[in-house]
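What the coordinates show
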Amino acid sequence: MLSRAVVLKIASWKFVERLVRHSRLCRKVVKRFIAGDTLDEAMAAAEDLCSRGYFVTLDLLGEAVTSAEEAAKAKDAYIGMFDRIAASRCLKSPVPTSNGRTRHPSPFEFGSRELPVETANVSIKLTQCGLGLDDGLAEKHYREVAQVALEYGSFLRIDMEDSSFTQRTVDMVDRVHKDIERTGTVLQSYLHRTSEDVEWVIRNNMRVRLVKGAYLEPPQVAIQKMPEIDAALLAQGKRLLDAGNYPAMGTHNEGLLSQLAAYAAEKGIPKDRWEIQMIYGIRRDLQEKYLSEGYNVRIYIPFGDSWYPYFSRRLAERPANMFFIFKALLRR
Ligand code: FDA
C-alpha cells in the first residue's frame, strides 16, 4: 500500500505533474475534486448546493506567490468572490447597504436559527496574499479582504498551511481579528501545539475549523499515527463544542463525526451551534446524511487553474485515489 509520504513524493515529480496536467483522462479524476477553472463554474456549484440547503465556502486554488503583483491579483480575486457571492442565489434575502453592496441578512434568518451564520463565505491562504514574500503586504491584503467580508456580513477564513507558517498565521489572524471580527482560521489536530491553539481561539471567541492536517510534517512537529490524530481531533472537537464560537468540524471521518454529534446531543448543544464541513466531491453520502438530519453542513468548493498542489494532497489522503491516476495514465 502506498503511504501518504510516497504519494506526495511521486506527485512532486515534475514529469508526473506534466502527465497529470495534460492527460484528458486524468482530468476526469481532477474534476471529481475541483469545481472548475473559473469563478463562474464554482458559483454554479455553490448555487446548486445552497439551493439544496448546504452552506458553502469558496476556495480559489493557489499557494505561495513570487511577486507583489501576483499577491495583489489574488487579493482582487478574493474581493471579486465576495462580490459574486453577494449577487448570487446563495443569499436568501440580500439586504441593500448604503455603500451600494448587498449583504447577508444578519441575524441570519434560517427558520428558528438565531445565529448570524452566512450561507456562503470564502477561505484563503496567506501565502497567496504574500506571506513568506512580504509579511506586511500579506497582512495589508488580508485586512482589505476581511473588511469586505465584514461589509457583506460574510466571513473570511484563513486556511492553515504547512508548519513553517503556523505561528505567523496565528499571529496575523490574532491581530486582524481584534479589529475585524468576521475572520477566523483553521487548526490542525496533528500538530503537537494544537490543544494550546484551541484555548487561544476560545479566549478570543474566534470561529475555527478543526481538521486533521494535510501536509507532511516531521515527528517533532506533528503526531504521525492516525489513531492518535483521531484521538486528538476528538478531544479538541469536544472542547470546542463546549466552549467555542460556532466551531466547524472539517472531516469526512464517519466515526469521528458520529462521536462528536453524539457528544453535542448528550451535552444539549443545539445543532445550529456548530457546523460540519466537508470537501466538494468527497463522501457525498455523508454530506447528505448530516444535512437531512438537520445539521449545518458546509461544502468547501475549490476552483481555479492552479489546482495541482491541492490535488496532490487529496490524492495523498487516500492513496487508493492514485490507482485512478495510474489507470488513466496507462490508458493515455
Ligand atoms: P480520514 O482521513 O479519516 O478519512 C475518512 C474517509 O473520508 C476515508 O475513509 C474516505 O472515505 C474519505 N476521504 C478522506 N479524504 C479523501 C480523499 N482525499 N479522497 C477520497 N476520499 C477521501 N488541511 C489543512 O492542513 N489545512 C486546511 O486549511 C484544511 N482545510 C480543510 C477544509 C475542509 C472543509 C476539510 C474537510 C478538510 C480540510 N483540510 C485541511 C484537510 C484535512 O486536514 C484532512 O487532510 C482531510 O480532511 C482528510 O482527513 P479526514 O478527517 O477528512 O478523513
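Structure's up top.
A few points on the structure. (Residues numbered from 1 in each chain as written. Predicted model: local features only at pLDDT ≥ 70, side-chain atom pairs only at ≥ 80, totals over all residues. Heavy atoms only, no water.)

**Points about the overall build of the protein**
- Regarding its fold elements, the protein presents 14 helices and 10 strands.
- Scored against the burial criterion, the 332 residues of the protein give a buried share of 55%.
- A sequence separation of at least 24 residues applies to 73% of the contacts in the protein between residues at least 6 apart.
- As presented, the protein carries roughly 14,600 Å² of accessible surface, and 53% of it is formed by carbon and sulfur atoms. (Helix = DSSP H or I, 4+ residues; strand = E, 2+ residues; numbered from the N terminus. Buried < 20%, exposed > 50% of the residue type's maximum accessible area, 1.4 Å probe, protein only. Contact = heavy atoms within 4.5 Å. Areas by Shrake-Rupley, 256 points an atom, 1.4 Å probe, with all protein chains shown as cover.)

**Considerations on the pairing of strand 1 (residues 55–60)**
- Counted residue by residue, strand 1 has 6 buried out of 6 residues, so it is predominantly covered.
- The two faces of strand 1 match: Phe55, Thr57 and Asp59 on one face and Val56, Leu58 and Leu60 on the other face are all buried.
- Sheet topology note: the strand 1/strand 10 (residues 296–303) ladder contains 6 bridges and is parallel. Counterpart to valine 56 in the pairing with strand 10 is isoleucine 299. (Pairing = 2+ DSSP bridges.)

**Comments concerning the sheet that holds strand 9 (residues 275–279)**
- Read around the barrel, 8 strands follow the order 1-4-5-6-7-8-9-10 and close on themselves; strand pairing throughout is parallel. The average undirected angle you get between the axes of adjacent strands in this sheet is 25°.
- With 4 bridges connecting them, strand 1 and strand 4 (residues 120–124) associate as parallel partners. From the neighbouring strand, leucine 58 faces strand 4, where its bridge partner is valine 122. (Axes fitted to C-alpha atoms, helices over the stretch in contact; angles between N-to-C directions.)

**What to know about the environment of valine 122**
- Among the secondary structure elements, valine 122 is positioned in strand 4.
- The class of valine 122 is buried, set by a relative accessible area of 0%.
- Along the sequence, valine 122 and valine 56 sit 66 residues apart, while their C-alpha atoms lie 8.3 Å from each other.
- Here valine 122 is in contact with Thr57, Leu58, Met81, Phe82, Ile85, Phe155, Leu156 and Arg157, once residues within four sequence places are set aside.

**Details of the site of the ligand**
- As a matter of local geometry, the ligand sits amid 26 residues, with Lys212, Gly213, Thr251, His252 and Glu317 nearest to it.
- With respect to the ligand, the side chain of lysine 212 contributes an N or O atom lying 2.4 Å from an oxygen atom.
- At 2.8 Å, a backbone N or O of arginine 314 approaches a nitrogen atom of the ligand.
- Taken by itself the ligand offers 920 Å² of open surface, and the protein chains cover 88% of this.
- Sorting the residues of the shell around the ligand by element identifies helix 3 (24–33), strand 6 (183–188), strand 7 (208–211), strand 9 and helix 13 (308–317) as the ones contributing at least two each.
- Looking at the shell around the ligand element by element, the count peaks at 3 residues for strand 9.
- For the shell around the ligand, the per-class residue count stands at 10 nonpolar, 8 polar and 8 charged. (Near = heavy atom within 4 Å. Polar contact = N/O pair within 3.5 Å; in protein donor to acceptor, adjacent residues only side chain to side chain. Nonpolar A, V, L, I, M, F, W, Y, C, P; charged D, E, K, R; others polar.)

**Side note on unusual backbone geometry**
- Phi is positive for tyrosine 246, close to 40°, though the residue is something other than glycine.
- Checked against the element boundaries, tyrosine 246 lands in the loop between helix 10 (226–243) and strand 8 (248–250).
- Phi at arginine 283 takes a positive value of approximately 50°, unusual for a residue other than glycine.
- Among the structural elements, arginine 283 can be located in the loop between strand 9 and helix 12 (284–292).

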